[in-house]
Amino acid sequence: MSEEIVQVERVSKRFNHAWAVRNLSFTLRRNEILGLLGANGAGKTTTIAMLLHLVTPTAGRIRLFGLDIARARHAVLSRTNFSSPYVDLPHRLTVRQNLTVYGRLYGVPKLAEKVRALCEHLEIADLLDTRYGHLSSGQKTRVALAKALINDPELLLLDEPTASLDPDVADRVRSWLADYRTRTGAALLVSSHNMPEVERLCDRVIVLKQGQAVAEGTPAALLRRYGRATLEDVFLDIARGGPPAPSLEHLP
Amino acid sequence: MRRAGSASRVIALVLRHYYLYRSSWTRVVELVYWPAMELLLWGFLTLYLRDLGPGLPNVVALFLGALILWDILFRAQIGVSLAFLEEVWSRNLANLFVSPLTPLEFMVGQVIVGLIRTVVTAGFMTALALVLYHYNLFGMGIPLVAFFCNLLVMGWAIGLVVSALILRFGQGAESLAWAVIFLFQPVAAIFYPVSVLPPWLRPIALATPAAHVFEGMRVVMLEGRFDVGLFWNAVGLNALYVAGGMAVFLWMFRVARRRGLLVQVGE
């Protein structure tokens, strides 16, 4: 299947006098995991926020499922979900209560069963009646992931999904995401600083620098192009302006 | 996936606040603590004034009625603003607005939460006034419904504007939630008629829906009749206020999207 779920065309965003994103174009197909890489302030979070209509672009066009999100917000957002370590859930509510509220917001049928099944899959069923604020960061990440999966999204946007997690939990999260894509054919957009994670999880990668896409391709193709053994070395080359010249290229 | 209806999303927001209050006794106590303190302080003062000056007609009824009605206005506003602040404090706004929830549904949810809070507080104050001072607010009769509704709507409108300002200027502006309503207190003619105000302040008072409500309350208590003109003045002004409050909130929501504030607010 090659249906394009996300179409970003020459999108830019300026905050005051600074460009957060400049002239960014990319697509994301069904059953594909796309990684957004870049240093802090490179424009990853702003790009995700524009896809979710939390931030309006200064220029350019974004279409999700072939629809303009500003005009078809409900149709688009009911098929989408998102998770970020920078966005929280109400701390005084239990896991079950939080997921019930979000399940209702997304109109999930048979919600109680859905919540239980999701939590069993993410190994947090024993935390269902625990307050979210009492959870460890690893547990919170799993609950946030449960919230992000509550509506079986066809498009899942994840901002640093394994930030501040120990290697064990981070590995489980990666496995769940890969499994979710395999089971559902969903499209995933993942921003991350974790290069091994990106190498393992993503089919394709876009590297952002100062709001611009400076490299794009499969992880293997980027390694070949930069003559490096790891994506981390590629990332450092790009971040520090090393060779090859940082121009946007679409690699096979 | 079944599309959630607007009503289902609004109910989800109300449910979120129900869960919050169920788990937080401090929030429940806050609903009645300050109103009780106010009622104790000013209630006993009115008893003293009644004994001091027998020439003052209906002083207890006038004062306590005004106090409870003022608190309805205040609680309606703070209820809406606090419903918004709870989302800011929990850094939950972005999660809400990446769901199909619309800003209009969000406003309706805030207003319903504000209404429930107000009913709880007003009920408590009414009962307390009856027990302590043998003052029955329902003695006003049917006009009380008109006063209650008008004060609710004015409180909602101000609450929406306050929420919009917090959205625009961030959590640092949260003290506005408790402060803005007191801008209206001197001109709302709560304890005195508009005619007491200096002439230059009267037009401002007459542009305040609450002033017409409190004037109407005094007509009911002192003359035993319901002034329909005052009622419609309040209704007309409230229509403008609530339309303005919604417009300001939606405008600030657009500004927040343009400036990226929905992602940052609460941080």
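Residues numbered from 1 in each chain as written. Chains lettered and ligands numbered in written order. Predicted model: local features only at pLDDT ≥ 70, side-chain atom pairs only at ≥ 80, totals over all residues.

Colleague: Help me understand the overall build of chain B in this model?
Modeller: A tally of helices and strands in chain B yields twelve helices and zero strands. When the helices and strands of chain B are placed in sequence order, the string is α-α-α-α-α-α-α-α-α-α-α-α. Against the 2.2 N^0.38 benchmark of 18 Å for 267 residues, chain B shows a C-alpha radius of gyration of 20 Å, consistent with a compact globule. Projecting the C-alpha coordinates of chain B onto the three principal axes gives extents of approximately 65 × 40 × 35 Å. Taken across its 267 residues, chain B has 44% of its residues classed as buried. Relative to all contacts within chain B whose residues are 6 or more apart in sequence, the contacts with residues 24 or more apart total 77%. (Helix = DSSP H or I, 4+ residues; strand = E, 2+ residues; numbered from the N terminus. Rg over C-alpha atoms; globule rule 2.2 N^0.38 Å. Buried ≥ 20, exposed ≤ 12 C-beta atoms within 10 Å, placed from the backbone. Contact = placed C-beta atoms within 7 Å.)

Colleague: In this structure, what is going on with the pairing of strand β7 (residues 155–159) of chain A? I would like to understand it.
Modeller: Two faces belong to every sheet, and in a regular strand the side chains alternate between them. Residues and elements named next belong to chain A. Among the five residues of β7, five are classified as buried, and the element is accordingly described as predominantly covered. Both strand β6 (residues 80–83) and β7 contribute to a ladder of four bridges, which runs parallel. Among the inter-strand pairings, S83 is bridged to a residue of β7, identified as L158. Across five bridges, the pairing between β7 and strand β8 (residues 187–191) is parallel. Bridge pairing links D159 to S191 in β8. Taken together, β7, helix α6 (residues 167–184) and β8 form a β-α-β motif whose crossover is right-handed. (Pairing = 2+ DSSP bridges. Right-handed = clockwise from strand over helix to strand, strands pointing away.)

Colleague: Explanation requested: the domain arrangement of chain A in the structure shown.
Modeller: All names here are of chain A. Here chain A is partitioned into domain 1 (1–79 + 155–252) and domain 2 (87–152). Taking only C-alpha atoms, the centre of domain 1 and the centre of domain 2 are 25 Å apart. Facing ten residues of domain 1, the contacting portion of domain 2 comprises eleven residues. Broken down by element, the side of domain 1 that touches domain 2 gets its largest block of residues, five residues, from α6. (Domains from an automatic or database assignment.)

Colleague: What is the right way to look at the packing of helix α3 (residues 59–89) of chain B against helix α5 (residues 103–133) of chain B in this model?
Modeller: Between two packed helices, what matters for the description is the angle formed by their axes and the separation of those axes. All names here are of chain B. α5 packs onto α3 with a crossing angle of 155 degrees between their chain directions and a minimal axis gap of 8 Å. One finds that α3 runs roughly antiparallel with respect to α5. Between α3 and α5 lies a crossing whose hand is right-handed. Side by side, α3 and α5 meet where V60, L64, I68, D71, I72, R75, A76, G79, V80, A83 and F84 of the first sit next to Q110, V111, V113, G114, R117, T118, T121, A122, M125, T126, A129 and Y133 of the second. Grouping the amino acids of the contact of α3 with α5 by side-chain chemistry returns 14 nonpolar, six polar and three charged. (Axes fitted to C-alpha atoms, helices over the stretch in contact; angles between N-to-C directions. Parallel < 35°, antiparallel > 145°, perpendicular 65-115°, else oblique. Left-handed = near helix turned anticlockwise from the far one by under 90°. Nonpolar A, V, L, I, M, F, W, Y, C, P; charged D, E, K, R; others polar.)

Colleague: Can you walk me through the interface of chain B and chain A in this structure?
Modeller: The accessible area lost on association of the parts is a frequent measure of interface size. Listed by partner, the interface residues are 30 residues for chain B and 28 residues for chain A. Put simply, the parts of the chain that give the side of chain B that touches chain A at least two residues each are α1 (6–22), α4 (93–97), α11 (228–259) and α12 (261–264) of chain B. Top element by residues in the side of chain B that touches chain A is α1(B). It accounts for eight residues. The class makeup of the residues in the side of chain B that touches chain A is 14 nonpolar, eight polar and eight charged.

Colleague: Could you clarify how one ought to interpret the pairing of β8(A) in this entry?
Modeller: Residues and elements named next belong to chain A. Of all five residues that make up β8, five are buried, and the element is covered over most of its length. With burial as the criterion, each face of β8 is covered, one bearing A187, L189 and S191 and the other bearing L188 and V190. Pairing of strand β3 (residues 33–38) with β8 involves four bridges; the strand directions are parallel. What sits directly across from L36, in β8, is S191.

Colleague: Which parts of the structure should I look at to understand the environment of L34(A)?
Modeller: Residue and element names in this part refer to chain A. Position of L34 among the secondary structure elements: in strand β3. Between the C-alpha atoms of L34 and P167, which are 133 residues apart in sequence, the distance is 22 Å. In this structure, L34 is in contact with L28, L189, C202, R204 and I206, ignoring residues within four places of it in sequence.

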